[in-house]
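# Residue-level structure breakdown
The primary structure of each chain is shown beneath.
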Amino acid sequence: MKKACLMAGLVGLTLLGACSQQSSEKMPNKAKKDTTTVQEKKGASNEMKHDKGKSDQMMNKGSLAPNFELTGVDGKIYRLSDFKGKKVYLKFWASWCSICLSSLPETEELAKEQGDDYVVLTVVSPNHNGEQSTEGFKKWYNGLEYKGIPVLLDEKGKGIEDYGIRGYPTAAFIGSDGVLVKTQVGFMSKEDIKKTLDSIY
């Protein structure tokens, strides 16, 4: 009996490991997480260190983040390329997502605290993944108190495709060199977001 229980447990663990590995392999290369540790990044060779004289030098490991040009709820045009030289915390979310809504206060705090080092942008995709229409979303969002968060409208769904978004919320961390360093699905506290931003160049 004990042997049968032990065997069942081992089979269960093997299956769990396979499932988590498969989900990681299915993610597009653009959106795969960088598993490089902070120590490896900080202790990297001189070619990885920041050289202000070479603005095109890539300091982070990974591929360049897909560029975008999106209109915000505020009517402004936002291009990722406009923020080169700053780290970007890019949050993909939806109005029907309770975790997204509960984290909006911390997202706004982060946006208000941003300075020369990083910028906070959020993306919603009207008419995609269960999100309401552009007009419906704008009307709903403008009724909320959050005026300090840039909310970009990905009306064609290109952003969710380019960044491989599978669930909400999803955070994408982009280095000051334009490299997509890490993506993470699910809730992240303000402290964890700041730690991640501090760990990249």
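Look a little higher up for the structure.
About the thresholds
Residues numbered from 1 in each chain as written. Predicted model: local features only at pLDDT ≥ 70, side-chain atom pairs only at ≥ 80, totals over all residues. Heavy atoms only, no water. Axes fitted to C-alpha atoms, helices over the stretch in contact; angles between N-to-C directions. Helix = DSSP H or I, 4+ residues; strand = E, 2+ residues; numbered from the N terminus. Parallel < 35°, antiparallel > 145°, perpendicular 65-115°, else oblique. Contact = heavy atoms within 4.5 Å. Nonpolar A, V, L, I, M, F, W, Y, C, P; charged D, E, K, R; others polar. Buried < 20%, exposed > 50% of the residue type's maximum accessible area, 1.4 Å probe, protein only. Arc of directions from axis to C-beta. Salt bridge = Lys/Arg side-chain N within 4 Å of Asp/Glu carboxyl O. Phe/Tyr/Trp six-rings, centres within 6.5 Å; stacked < 30°, edge-to-face > 60°. Pairing = 2+ DSSP bridges. Polar contact = N/O pair within 3.5 Å; in protein donor to acceptor, adjacent residues only side chain to side chain.

### With respect to the packing of helix H4 (residues 104-113) against helix H7 (residues 190-199)
The description of two packed helices rests on the angle between their axes and on the distance between the axes. Between H4 and H7, the shortest axis-to-axis distance is 10 Å and the interhelical angle comes to 40 degrees. Our classification of the angle between H4 and H7 gives oblique. Contacts between H4 and H7 involve Glu106, Glu109, Leu110 and Glu113 on the former and, on the latter, Lys190, Ile193 and Lys194. Taken together, the residues of the contact of H4 with H7 sort by class into two nonpolar, no polar and five charged.

### Things to note about H4
Inspection of H4 places Leu104, Thr107, Glu108, Leu110 and Ala111 among the buried residues, and these make up the whole buried set. Take H4 and look down its axis: the buried residues cluster within an arc of 160 degrees, on one side only. On the buried face of H4, the contacting elements are strand E3 (87-92), helix H3 (98-102), strand E4 (118-124) and H7.

### Looking at the pattern of salt bridges
Within this structure, the stated rule accounts for seven salt bridges. In this structure, aspartate 82 and arginine 79 form a salt bridge, with 3.5 Å as the shortest nitrogen-oxygen distance. Taking the shortest distance from any N to any O, the salt bridge between glutamate 113 and lysine 194 comes out at 2.9 Å. Here glutamate 113 is found in helix H4, whereas its partner lysine 194 is found in helix H7, with 81 residues between them in sequence. Taking the relative accessible area as the measure of exposure, glutamate 113 reaches 38% and is therefore partly exposed. Classification of lysine 194 by relative accessible area gives partly exposed; the value is 32%. One continuous salt-bridge network, built from bridges that share partners, spans Glu109, Glu113, Lys190 and Lys194.

### Comments concerning the packing of aromatic side chains
Under the counting rule described, the total for this entry stands at nine aromatic pairs. Centroid distance tyrosine 89 to phenylalanine 173: 5.5 Å. Interplanar angle 35 degrees. Geometry classified as tilted. Of this pair, tyrosine 89 sits in strand E3 while phenylalanine 173 sits in strand E6 (residues 170-174), and the two are 84 residues apart along the sequence. Their ring planes at 50 degrees and their centres at 6.3 Å tell us that tryptophan 93 and tryptophan 140 sit as a pair that is tilted. Of the two residues, tryptophan 93 is situated in the loop between E3 and H3 and tryptophan 140 in helix H5 (residues 134-142); the sequence distance between them amounts to 47 residues.

### Here we look at the sheet that holds strand E2 (residues 77-79)
The strand order across the open sheet formed by seven strands is E2-E1-E5-E4-E3-E6-E7, and the pairing between neighbours is mixed. At either end of the open sheet lies a strand with only one pairing partner, and these are E2 and strand E7 (180-185). The mean angle between the axes of side-by-side strands here comes to 30 degrees, regardless of whether they run parallel or antiparallel. Judged from the five bridges that link them, E3 and E6 form a sheet pairing that is antiparallel. Within E6, the position partnered with tyrosine 89 by the bridge is phenylalanine 173.

### A closer look at H5
Buried residues of H5: Thr134, Phe137 and Tyr141, and no others. The buried residues of H5 occupy one face: seen down the axis, they fall within an arc of 65 degrees. Of the exposed residues in H5, the ones pointing more than 90 degrees away from its buried face are Glu135 and Lys139. The inward-facing, buried residues of H5 abut E4 and strand E5 (151-153).

### Remarks on the environment of aspartate 177
By secondary structure assignment, the location of aspartate 177 is in the loop between E6 and E7. Sequence spacing of aspartate 177 and lysine 87 is 90 residues, and the spatial spacing of their C-alpha atoms is 7.9 Å. Looking at aspartate 177, its side chain comes within polar contact range of the main-chain nitrogen of methionine 59, at 2.6 Å.

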